[in-house]
Amino acid sequence: KAALMYDHKSLVLASFWSELPFILLVGMIFSVCFYFPLGFVAVAYNFFYFYLFITLNVALWTFLGQMFISLFPDAVTAQGFGALFIGLTGLFTGTLIAPQSIPQVWIWAYWVFPLHYVVEGLLVSQYYSSQLAVEAIPGGSWYTAMQCTGSPCYGTPYEFLLFRFGGFFNIAHLPWNVLYLVCFVAFSKIAKLFALQHFNYLAK
């Protein structure tokens, strides 16, 4: 940008296409290294979704970083706002605080911040069809919710997900998870283009 030799759209497209092979490769390496050791089933459908959400997650944070560095005048400020964003999206993922326990005044953050779509997609895509037996401990809240009358009492991983996340993590959301993450990545690129076109932090 400093040389003023290229159009802003060219810079955005170049940063996208140059990062894309890295993102796809990192997603595949991570998936191969972690999918099977985690004990997930060797089914193409499940592996594809695992790879897809890992890759979208890598793309999300890569292009968000580019967006922040374009929006702010220096790396320190960009890192500060990036850290704030990471902290908030981690807080409202649904794992630290169950979605059903998030106060109504803050529930918008659960739907807006993107990491919960990655976590939901990974969990429901792997456990929806799983027939693993998950034991409900007598006296526990899940044991009560399942209306168990004796021990041992078993449920499926997906049944536990529905209980743990109050129905917020649901297989019906899977295509919307993918769509939201793709749109968020696109938003980060559009925001980067806007910043390059309208903000000029170059020292004169």
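Summary of the structure given here.

Criteria and thresholds
- Residues numbered from 1 in each chain as written.
- Predicted model: local features only at pLDDT ≥ 70, side-chain atom pairs only at ≥ 80, totals over all residues.
- Heavy atoms only, no water.
- Helix = DSSP H or I, 4+ residues; strand = E, 2+ residues; numbered from the N terminus.
- Buried < 20%, exposed > 50% of the residue type's maximum accessible area, 1.4 Å probe, protein only.
- Contact = heavy atoms within 4.5 Å.
- Areas by Shrake-Rupley, 256 points an atom, 1.4 Å probe, with all protein chains shown as cover.
- Axes fitted to C-alpha atoms, helices over the stretch in contact; angles between N-to-C directions.
- Parallel < 35°, antiparallel > 145°, perpendicular 65-115°, else oblique.
- Left-handed = near helix turned anticlockwise from the far one by under 90°.
- Phe/Tyr/Trp six-rings, centres within 6.5 Å; stacked < 30°, edge-to-face > 60°.
- Lys NZ or Arg CZ within 6 Å of the ring centre and 35° of its normal.
- Core = buried A, V, L, I, M, F, W, Y, C linked by side-chain atoms within 4.5 Å.

**Some remarks on the overall build of the chain**
Okay, so step 1: A tally of helices and strands in the chain yields eight helices and two strands.
Okay, so step 2: Dimensions along the principal axes, computed over C-alpha positions, put the chain at roughly 75 × 40 × 25 Å.
Okay, so step 3: Burial analysis of the chain (204 residues in total) assigns 38% to the buried set.
Okay, so step 4: In the chain, the share of contacts with a sequence separation of at least 24, taken over all contacts with a separation of at least 6, comes to 66%.
Okay, so step 5: Put simply, the chain shows about 11,600 Å² of open surface, and 72% of that area lies on carbon and sulfur atoms.

**Quick word on the packing of helix H1 (residues 8-35) against helix H2 (residues 44-71)**
Okay, so step 1: At their nearest, the axes of H1 and H2 sit 8 Å apart, and the two run at 140° to each other. As the angle between them shows, H1 and H2 are arranged oblique. As H1 runs across H2, the sense of the crossing is right-handed. Contact with H1, carried on its side by Ser-15, Phe-16, Glu-19, Ile-23, Leu-24, Val-26, Gly-27, Met-28, Phe-30, Ser-31, Val-32 and Tyr-35, involves Asn-46, Phe-47, Phe-50, Tyr-51, Ile-54, Thr-55, Val-58, Ala-59, Thr-62, Phe-63 and Gln-66 of H2 and no other residues of that element.

**Side note on the packing of aromatic side chains**
Okay, so step 1: The final tally for this structure, using the stated rule, is 33 aromatic pairs.
Okay, so step 2: With a centroid separation of 5.9 Å and 35° between ring planes, the pair formed by Tyr-180 and Phe-184 is classed as tilted. Note that Tyr-180 and Phe-184 are positioned in helix H8 (residues 174-198) at a spacing of four residues, about one turn of the helix.
Okay, so step 3: The ring of Phe-165 carries the charged tip of Arg-164 above its face, separated from the ring centre by 5.0 Å.

**Side note on the nonpolar core**
Okay, so step 1: Phe-53 and Val-124 are the most contacted members of the largest nonpolar core, which totals 42 residues.
Okay, so step 2: Sorting the residues of this core by element identifies H1, H2, helix H3 (75-91), helix H4 (107-112), helix H5 (115-127), helix H7 (157-164) and H8 as the ones contributing at least two each.
Okay, so step 3: Looking at this core, the element that brings in the most residues is H2, giving 14 residues.
Okay, so step 4: Discounting chain neighbours no more than four positions away, the residues touching Phe-53 are Tyr-117, Val-118, Gly-121, Leu-122, Leu-174, Asn-177, Val-178 and Leu-181.
Okay, so step 5: Formed by five residues, the second largest nonpolar core is a distinct cluster that contains Trp-142, Tyr-143, Cys-148 and Cys-153.

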